[in-house]
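Inside the fold
Here is how the chains run, residue by residue.
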There are 2 protein chains.
Amino acid sequence: MPETEENGWEIGPTHLPAPAGASDVLADSIRKTPPPDVAAMRQLIPRSEAEWVTLVEERNELNRANVRVLADQLALTVEEERISGVRTYRVSPPEIDRRHQDHLFVYVHGGAYVLNAGEAGLGEAMLIAARTKMPVLSIDYRMPPQHPFPAGLDDVMVVWEHLLVTHSATSVALGGVSAGSGLILAAVHKLIGAGHQIPGALYAGTPWSDLTRTGDSYYTNEGVDRLLVSYDGILASAVRLYAGARDLTDPLISPIYGDFTGFPPTFLVTGTRDLFLSNTVRTHAKLRAAGVTADLLVFEGVSHGDYALEATSAEALLAYAELDTFLLQHL
Amino acid sequence: MPETEENGWEIGPTHLPAPAGASDVLADSIRKTPPPDVAAMRQLIPRSEAEWVTLVEERNELNRANVRVLADQLALTVEEERISGVRTYRVSPPEIDRRHQDHLFVYVHGGAYVLNAGEAGLGEAMLIAARTKMPVLSIDYRMPPQHPFPAGLDDVMVVWEHLLVTHSATSVALGGVSAGSGLILAAVHKLIGAGHQIPGALYAGTPWSDLTRTGDSYYTNEGVDRLLVSYDGILASAVRLYAGARDLTDPLISPIYGDFTGFPPTFLVTGTRDLFLSNTVRTHAKLRAAGVTADLLVFEGVSHGDYALEATSAEALLAYAELDTFLLQHL
């Protein structure tokens, strides 16, 4: 049931210092960040397909530049690979950890269901490949404006079914961040519903598990999350671009509304400043209530996906080290 | 390093709806709660020992009444027991789970180091006894104004050392909430420092691990946490009553500043509205970074210790069921 505005409380304003309890790298980065401009972000609403394309291309250009730097730094190789018509990228570390030699990580990027097509979406896939020393296959799924729901989910399903020809399901991890993390949870709902084989483990990085504006942190972390800033603006617009007039509580759109019984072991990460803190902890609690092994990390001072962006921070090192430990335990 | 006010951001004001993502019991209870009055709570500062005694006695009277109701509902027996001069209460469930027959849970109550002396502090000890079906020994440690730091910690240490005469350390869990949770973490720092035996498992319910005003949630959840409301007022005053002029970053006062290497497996619980959300997740991350098994639950819509107060909520049921599973695994 989505939130209503009734019986709510007025909170704040308050002053938020830089997070002295976070790592120096993260705290210093936050000290250099101008205060999030909530009013401006709320107004950032593309009014046409052309405006969407312009906004997306600007962001993707920045991310592509970051990805190229990261690929060099981490000495990774990236190969494009078509799987049943879906474009994917195989990201290979310089050497494979022998304990992962039979494993594959299938990655689904984030970006509010509109950003990070092509190489722009490879940043975290590269970090995972480098830190876990396992091969990563990143799915370049179709997105709106041209391809709304369920095109992206269909692409993930097609790649998954194809991989089962050559891989045992339990040796494959499925993971993603934000919208990509929502997609992987939706895909597992769909696989379980159809009685198909499911992955051996999941990585749900700050999942967009609820596309309705339900969750404390959509409110308490508005203007606190330096990356997403607000649900209003791009996110609210992207919801409608992706889902059209569909019911947002469809578990294939907002996976929090599904039944998590039978899910594979799942590793979840978020932060105290994350606009998706509630999305993440609600997903974790639902998994645990359904009897699923689910392990949660919440980082002090971390905004949405910030642990992946500050790649040299203690938070990033711990997050991917813990992900690796989790995968070694469950694959 | 405590927070500074430099380079901070102004955030809010915002409107916070009741948490539709929480259980009905909790969400309904919050809908009936008046908006937290931050200004009033900030002013609630006892000015003398007599004012402290009056405030404490008012709160304790309420809690004693709740405890009596709970003892009846849960059919528990409570026996007072002196251990080397320290008053304790043995809380026994109607029957002991056979899997716990060699186990003991040693409990340390919360209350900002000033509240909940005597039977007033037995609420959560009773829930734990009832839900895990194991015996609980609750320590009625000395508190300020009469007995500041380190009297309470000394009492916990005395009881612990006494119990080792009759129990194997690894069969005993040590746990508590809030200030009590801070005390048990401080006690383990002290035990490890002295090379003494440590408990088999810990329960750290929303620990007061940092008595300095460091942590995002001291700011972001001011006026959001319906129980603590604000660090200013009672909490800030209690800090000085407890610690006097001592350095608050002493790990025996603020255990977050200690080294967590060698800690026993630890189960931690907090919520999205908890003023101590940051205290809890920072402790969890430090435990994990030190290689300790540590499991974190964060409940949507839950203020400080609210999962224990709404005893019939889905959150309370899940919290103590998960605590039981954790203890069965690690004791």
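Higher on the page you've got the structure.
Residues numbered from 1 in each chain as written. Chains lettered and ligands numbered in written order. Predicted model: local features only at pLDDT ≥ 70, side-chain atom pairs only at ≥ 80, totals over all residues. Heavy atoms only, no water.

1. Some words on the interface of chain A and chain B
Spelled out, the test is: Contact between two residues is taken to exist if any of their heavy atoms lie within 4.5 Å; hydrogens are not considered. A pair is scored as a salt bridge if a Lys or Arg side-chain nitrogen falls within 4 Å of a carboxyl oxygen belonging to Asp or Glu. Within 3.5 Å is the distance limit for a polar contact, defined as a pair of N or O atoms, with the added protein rule that one can donate a hydrogen and the other accept it, and that residues adjacent in sequence qualify only through two side-chain atoms. Helix and strand definitions here come from DSSP, where helices need a minimum of 4 consecutive H or I residues and strands a minimum of 2 consecutive E residues; each element is numbered from the N-terminal end. Classes in brief: Ala, Val, Leu, Ile, Met, Phe, Trp, Tyr, Cys and Pro nonpolar; Asp, Glu, Lys and Arg charged; the others, Gly included, polar.
Between chain A and chain B, the residue contacts involve 56 residues of the former and 56 residues of the latter. Among the salt bridges present, the one from Asp 216 of chain B reaches Arg 273 of chain A, with a minimum N-O distance of 2.7 Å. At the junction of chain A and chain B, the tally comes to 22 residue pairs in polar contact (both at pLDDT 80 or more). Every element with two or more residues in the side of chain A that touches chain B is listed here: strand S1 (9-11), strand S2 (14-16), helix H1 (24-31), helix H7 (216-220), helix H9 (277-289), strand S10 (294-299) and helix H11 (314-330) of chain A. At eight residues, H9 of chain A tops the list of elements feeding residues into the side of chain A that touches chain B. Taken together, the residues that form the side of chain A that touches chain B break down as 25 nonpolar, 17 polar and 14 charged.

2. A short note on the sheet that holds strand S5 (residues 104-108) of chain B
Sheets are built from strands that pair by backbone hydrogen bonding, the pairs being arranged parallel or antiparallel. Residue and element names in this part refer to chain B. For clarity, the threshold we go by: At least two bridges found by DSSP between two strands are what make those strands a pair. Only the contacting stretch of a helix is used when fitting its axis, a line to C-alpha atoms as for every element, and angles between N-to-C directions run 0 to 180 degrees.
On the basis of which strands lie adjacent, the open sheet formed by eight strands has the order S3-S4-S6-S5-S7-S8-S9-S10 and mixed pairing. Looking at strand neighbours, the two that pair on one side only are strand S3 (77-83) and strand S10 (294-299), the edges of this open sheet. Each strand of the sheet is rotated relative to its neighbour by a mean of 20°, with strand direction disregarded. The sheet contact formed by S3 and strand S4 (residues 86-92) spans seven bridges and is antiparallel. Counted as the bridge partner of Glu 79 is Arg 90 from S4.

3. Details of the packing of helix H5 (residues 151-166) of chain A against helix H6 (residues 179-193) of chain A
Packed helix pairs are characterised by how far apart their axes lie and by the angle those axes make with each other. Residue and element names in this part refer to chain A. Basically, it comes down to this: By convention the crossing between two helices is left-handed if the near helix lies anticlockwise of the far one by an angle smaller than a right angle, and right-handed if it lies clockwise.
Close contact between H5 and H6 brings their axes to 10 Å; oriented N to C, the two are set at 65°. Of the two elements, H5 crosses H6, and the hand of that crossing is right-handed. From H5, Gly 152, Leu 153, Asp 154, Val 156, Met 157, Trp 160 and Glu 161 reach across to H6, where they touch Leu 183, Ala 186, Ala 187, Lys 190 and Leu 191. Of the residues assigned to the contact of H5 with H6, the class counts are eight nonpolar, one polar and three charged.

4. Here we look at the relation of the copies chain A and chain B
Note the threshold: The copies are overlaid by a least-squares fit using only the C-alpha atoms of residues whose pLDDT is at least 70 in both copies.
Turning chain A through 180° and shifting it by 0.0 Å along the axis lays it on chain B, with an RMSD of 0.0 Å. Taken together, the rotation and translation describe the operation of a two-fold axis. Relative to the rotation axis, the closest C-alpha in chain A is found at Pro 13 of chain A, a distance of 2.1 Å. By residue overlap, the copies meet face to face through one surface: 100% of the interface positions of chain A are interface positions in chain B.

5. Some words on helix H3 (residues 49-73) of chain B
The cut-off we apply is this: Here the expected length of a helix is defined as 1.5 Å per residue gap, with one fewer gap than residues. Here the term buried applies to any residue with accessible area under 20% of the maximum for its type, exposed to any over 50%, and partly exposed to those in between, with areas from a 1.4 Å probe on protein chains only.
The terminal C-alpha atoms of H3 of chain B, which comprises 25 residues, lie 36 Å apart, in line with the 36 Å expected from a rise of 1.5 Å per residue. Taken as a whole, H3 of chain B has its buried residues at Trp 52, Leu 55, Val 56, Asn 60, Arg 64, Val 67, Leu 70 and Ala 71 of chain B.

6. Digging into the packing of helix H4 (residues 123-132) of chain A against H11 of chain A
All names here are of chain A. Threshold: Angles below 35 degrees are treated as roughly parallel, those above 145 as roughly antiparallel, those between 65 and 115 as roughly perpendicular, and all remaining angles as oblique.
Across the interface, H4 lies against H11 with an axial gap of 10 Å and an inter-helix angle of 65°. Between H4 and H11, the angle is such that the two are roughly perpendicular. Here H4 and H11 pass one another in a crossing that is right-handed. Residues Glu 124, Leu 127, Ile 128, Arg 131 and Thr 132 of H4 lie in contact with H11, whose contacting residues are Ala 316, Leu 317, Tyr 320, Leu 323 and Asp 324. Along the lines of polarity and charge, the residues of the contact of H4 with H11 split into six nonpolar, one polar and three charged.

7. Let's talk about the packing of aromatic side chains
Quick reminder of the rule: Any two rings among Phe, Tyr and Trp, with Trp reduced to its six-membered ring, count as a pair given centres within 6.5 Å; such a pair is stacked if its planes are under 30 degrees apart, edge-to-face if over 60, and tilted if neither.
Per the stated rule, a full pass over the model turns up 22 aromatic pairs over all chains. With a centroid separation of 5.7 Å and 75° between ring planes, the pair formed by Phe 149 of chain B and Tyr 242 of chain B is classed as edge-to-face. Highlighted residues: Phe 149 of chain B in the loop between strand S6 (136-139) and helix H5 (151-163) and Tyr 242 of chain B in helix H8 (residues 234-243), separated in sequence by 93 residues. Note on Phe 149 of chain B: relative accessible area 8%, which makes it buried. Clustering of aromatic rings is evident, with ring pairs tying together Tyr 113, Phe 149, Trp 208, Tyr 218, Tyr 231, Tyr 242 and Phe 276 of chain A.

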